[in-house]
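Residues per chain are reported as follows:
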Amino acid sequence: MNKKENILIIGAGLCGSLLALRLGQRGYTVKLVEKRPDLRKVEQDAGRSINLAFSDRGMKGMRMVGLGEEVKKLCLPMLGRMIHNTKGNKFMSPYSGKKEKFINSISRPGLNMILLDAADKLPNVTLIFNQSCEHVDLENTKATFIHYHTKEEIIHTADIIFGTDGAGSVLRNNMFIDKDLRLSFSIDWLTHSYKELTIPASENGGFKTDNNALHIWPRGENMLIALPNLDGSFTVTLFLAHETGADNFQKLNTPEKVTEYFEREYPDAKALMPNLVKEFFENPTGTLGTVKCYPWSTFGKTLIMGDAAHAIVPFYGQGMIASFEDVVVLDKYIEKFEGDLESGQTNWETIFSEYQKERKKDTDAIADLAIDNFSEMKEHTANPLFQQKRKLEIAFEENFPERYNSKYSLVTFNEDIPYSVAMRRGRAQDKAILNLLDDGKLVDSMSLEEKLILVLNETKEILHDDDIAKNL
Ligand SMILES: Cc1cc2nc3c(=O)[nH]c(=O)nc-3n(C[C@H](O)[C@H](O)[C@H](O)COP(=O)(O)OP(=O)(O)OC[C@H]3O[C@@H](n4cnc5c(N)ncnc54)[C@H](O)[C@@H]3O)c2cc1C
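Summarised in this report is the structure supplied together with it.

Conventions adopted
Residues numbered from 1 in each chain as written. Predicted model: local features only at pLDDT ≥ 70, side-chain atom pairs only at ≥ 80, totals over all residues. Heavy atoms only, no water. Helix = DSSP H or I, 4+ residues; strand = E, 2+ residues; numbered from the N terminus. Pairing = 2+ DSSP bridges. Axes fitted to C-alpha atoms, helices over the stretch in contact; angles between N-to-C directions. Buried < 20%, exposed > 50% of the residue type's maximum accessible area, 1.4 Å probe, protein only. Near = heavy atom within 4 Å. Polar contact = N/O pair within 3.5 Å; in protein donor to acceptor, adjacent residues only side chain to side chain. Areas by Shrake-Rupley, 256 points an atom, 1.4 Å probe, with all protein chains shown as cover. Parallel < 35°, antiparallel > 145°, perpendicular 65-115°, else oblique. Left-handed = near helix turned anticlockwise from the far one by under 90°. Contact = heavy atoms within 4.5 Å. Nonpolar A, V, L, I, M, F, W, Y, C, P; charged D, E, K, R; others polar. 1 Å grid on protein atoms, 1.4 Å probe; cavity = no way out; pocket = protein on both sides within 12 Å on 5 of 7 lines; lining within 4 Å. Points joined across faces, edges and corners; volume = space filled by probe spheres on them.

Further remarks concern the environment of Leu39. Positionally, Leu39 belongs in the loop between strand S2 (29-33) and strand S3 (51-54). Through-space distance from the C-alpha of Leu39 to that of Asp210 is 30 Å; in sequence the pair is 171 residues apart.

Time to look at the sheet that holds strand S10 (residues 142-147). Sheets are built from strands paired through backbone hydrogen bonds, the pairs being either parallel or antiparallel. Ordered in space as S9-S10-S11, the three strands form an open sheet in which the pairing is antiparallel. What marks the edges here is a single partner per strand, and that holds for strand S9 (131-137) and strand S11 (153-157). Sheet twist, expressed as the average angle between the axes of neighbouring strands with direction ignored, equals 30°. As defined by bridge partners, S10 adjoins S11 across five bridges and the pair is classed as antiparallel. Across the sheet, the residue bridging to Ile146 is Glu153, located in S11.

Right, let's talk about the pairing of strand S12 (residues 160-163) for a bit. In summary, the side chains of a regular strand alternate between the two faces of the sheet. Taking every second residue as pointing to the same face, both faces of S12 are buried, with Ile160 and Phe162 on one and Ile161 and Gly163 on the other. The pairing of strand S1 (residues 6-10) with S12 spans four bridges and is classified as parallel. Paired with Ile9 across the strands is Phe162, a residue of S12. Strand direction decides the pairing type here: S12 and strand S19 (residues 302-304), joined by three bridges, are parallel. Residue pairing across strands places Phe162 opposite Leu303, the latter belonging to S19.

A separate point is the site of the ligand. Near the ligand, the surroundings consist of 32 residues, among which Glu34, Ala53, Arg108, Cys133 and Asp307 are the closest. A distance of 3.3 Å separates an oxygen atom of the ligand from a polar backbone atom of Leu14. In the environment of the ligand, an oxygen atom lies 3.2 Å from a nitrogen or oxygen atom belonging to the backbone of Gly317. Relative to its unbound accessible surface of 990 Å², the ligand loses 89% to contact with the protein. If you list the elements that add at least two residues to the shell around the ligand, you get helix H1 (14-25), S3, S9 and helix H10 (319-337). When residues in the shell around the ligand are grouped by element, the largest group, four residues, is from H10.

Our focus in this paragraph is the packing of helix H2 (residues 56-64) against H10. It is the contact of H2 with H10, at a shortest axis distance of 8 Å, that shows an interaxial angle of 50°. In terms of orientation, H2 and H10 fall into the oblique class. Read as a crossing pair, H2 and H10 show a hand that is left-handed. Here Arg57, Gly58, Lys60, Gly61, Met62 and Met64 of H2 come into contact with H10, specifically with Ile321, Phe324, Glu325, Val327, Val328 and Asp331. Tallied by class, residues from the contact of H2 with H10 come to six nonpolar, two polar and four charged.

Our next topic: the environment of Asp444. As for its placement among the helices and strands, Asp444 is situated in the loop between helix H14 (419-438) and helix H15 (448-470). C-alpha separation for the pair Asp444 and Pro267, spaced 177 residues apart in sequence, amounts to 37 Å.

What follows is about the sheet that holds S3. Read from one edge of the open sheet, three strands run S3-S7-S4, paired in antiparallel fashion. Looking along the sheet, the strands with just one partner apiece sit at the ends: S3 and strand S4 (76-78). Strand-to-strand twist of the sheet, defined as the mean angle between neighbouring strand axes without regard to direction, takes the value 35°. Sheet topology note: the S3/strand S7 (residues 103-107) ladder contains four bridges and is antiparallel. What sits directly across from Ala53, in S7, is Ser105. Sheet strands touched by H10: S3 and S7. Its angle to S3, the strand with the most contacts, is close to 60°.

Further remarks concern empty space enclosed by the protein. With the rule as written, the count across this model stands at two cavities of 30 Å³ or more. Contributing to the lining of the largest cavity are Tyr316, Glu376, Phe386, Lys389, Arg390, Glu393, Ser406, Lys407, Tyr408 and Asp430. Taken together, the elements giving at least two residues each to the lining of the largest cavity come down to helix H12 (384-399) and helix H13 (407-412). Here the lining of the largest cavity gets four residues from one element, more than from any other, and that element is H12. Partitioned by chemical class, the residues of the lining of the largest cavity number three nonpolar, one polar and six charged. The volume enclosed by the second largest cavity comes to roughly 40 Å³. Arg81, Ser93, Pro94, Tyr95, Glu376, Arg390 and Tyr408 are the residues that line the second largest cavity. A breakdown of the residues in the lining of the second largest cavity according to their chemical character gives three nonpolar, one polar and three charged.

Next up on the list: unusual backbone geometry. With the exception of glycine, most residues fall at negative phi, and the peptide bonds are largely trans. A cis amide bond links Tyr294 to the next residue, Pro295, at an omega of 0°. Inspection of the secondary structure assignment puts Pro295 in the loop between strand S17 (285-294) and strand S18 (297-298). Positive phi, close to 50°, is recorded for Arg182, a residue that is not glycine. Mapping Arg182 onto the fold places it in the loop between helix H5 (170-177) and strand S13 (184-199). Of note, Phe299 is a non-glycine position whose phi angle comes to about 55°, a positive value. Position of Phe299 relative to the elements: it lies in the loop between S18 and S19. The exposure class assigned to Phe299 is partly exposed, which follows from its relative accessible area of 37%.

Okay, structure coming up:
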């Protein structure tokens, strides 16, 4: 297969690397250009989200490119949330009542590396590092880069350009400043920022606390989480208000204040973090926000994907997964509209148009769900009504696996259910259970099946009411 189009991909993060590999496998001539050095050859920056939650939905992309088995070697299963309350007690809240359903902790650079390695092996894919894109001429598919070391200007031209250059995308900014393109764009900054810290491995290289869970210290306004790494350490992330509330990043400006805050709010975690204060002041404070924009394509020749098109807050652990899913959905349309293999002409305009039409509602949905989950993690996980709901849902999933999936399961474990469908159904279920619990209608004398039937009927009514309101 000798395809005519030359493809330029800007940004070799998780989305760009998977895209380059897939397009390379499809026979296109691909140039993948990244502003940072090759992460396979340099030490990683401290404090840049070293591990990520990775679930079934993300496996779809890895299986598509034949790396399904390879990626498993990087995965550490997390069976549920280990909640650490203010009294220093902890309890496990499983992600699902179905035993085979769990999420994984995975190394971000590790995952990026296996994608880059696989892309690098293809003769039709070229990887270029240390070149930062400064400008894209969208109509003429010409992009200007500056070499990090030499400061020399380099122009890459292509038939098709993809922008997978993350939340601050240069390609997207070029779309935005051309008013004729009418790019609708919004960024909603979260009031909270984040800081990454570490629980190091114990002296014998083991884990200092349970390694089969995602740890959460919910504290109402703020929270701490920790995900295990293969080397026995945990990456800890503090999500703290930037400048509002009783505690915030602005106020934690001396070692004494940091120490006092952690001793007061997270004493058990603090005891496991010998380098807390040093890391707190050395590691960067990251901002969080939701980027929504549309359209994603210009002139049938460029397309933004991943965080460049839809950056979301990290509380559902789905940002990278959604970016991988972008590549899977795009691939489906390439397969459909690749056109005449003899002439090598691919109908990109139709592919991009169909892709963005299908995908926008789903990425909007996961963006909204991720905001919902922020409240769920920092406040609701410690709330008795929420805990009662989760207990019931786990029992439903355990005993009636074919008849019930919680919102979390619909989003995380049901890769064939689009995010928008998972959101609608999941929210209706949540409302149904919480209403029934609050009204005292789910009584102990009922069997579990009777409770399930009541919840399903209530959900149906809520969905029906939603439909009526929507069609007014
Ligand atoms: C704290 C935190 C925790 C997270 N946890 C999770 C999680 O648990 N699970 C999950 O699924 N997602 C998580 N995410 C989201 C996830 O990190 C992103 O959704 C994912 O990285 C998006 O991939 P991407 O390739 O689109 O963008 P990025 O990973 O940002 O990659 C963009 C790439 O483009 C390069 N680049 C940028 N500008 C230029 C330029 N001008 N020229 C050339 N190259 C450029 C960058 O250097 C980078 O390599 C988290 C995010 C944060 C901030």
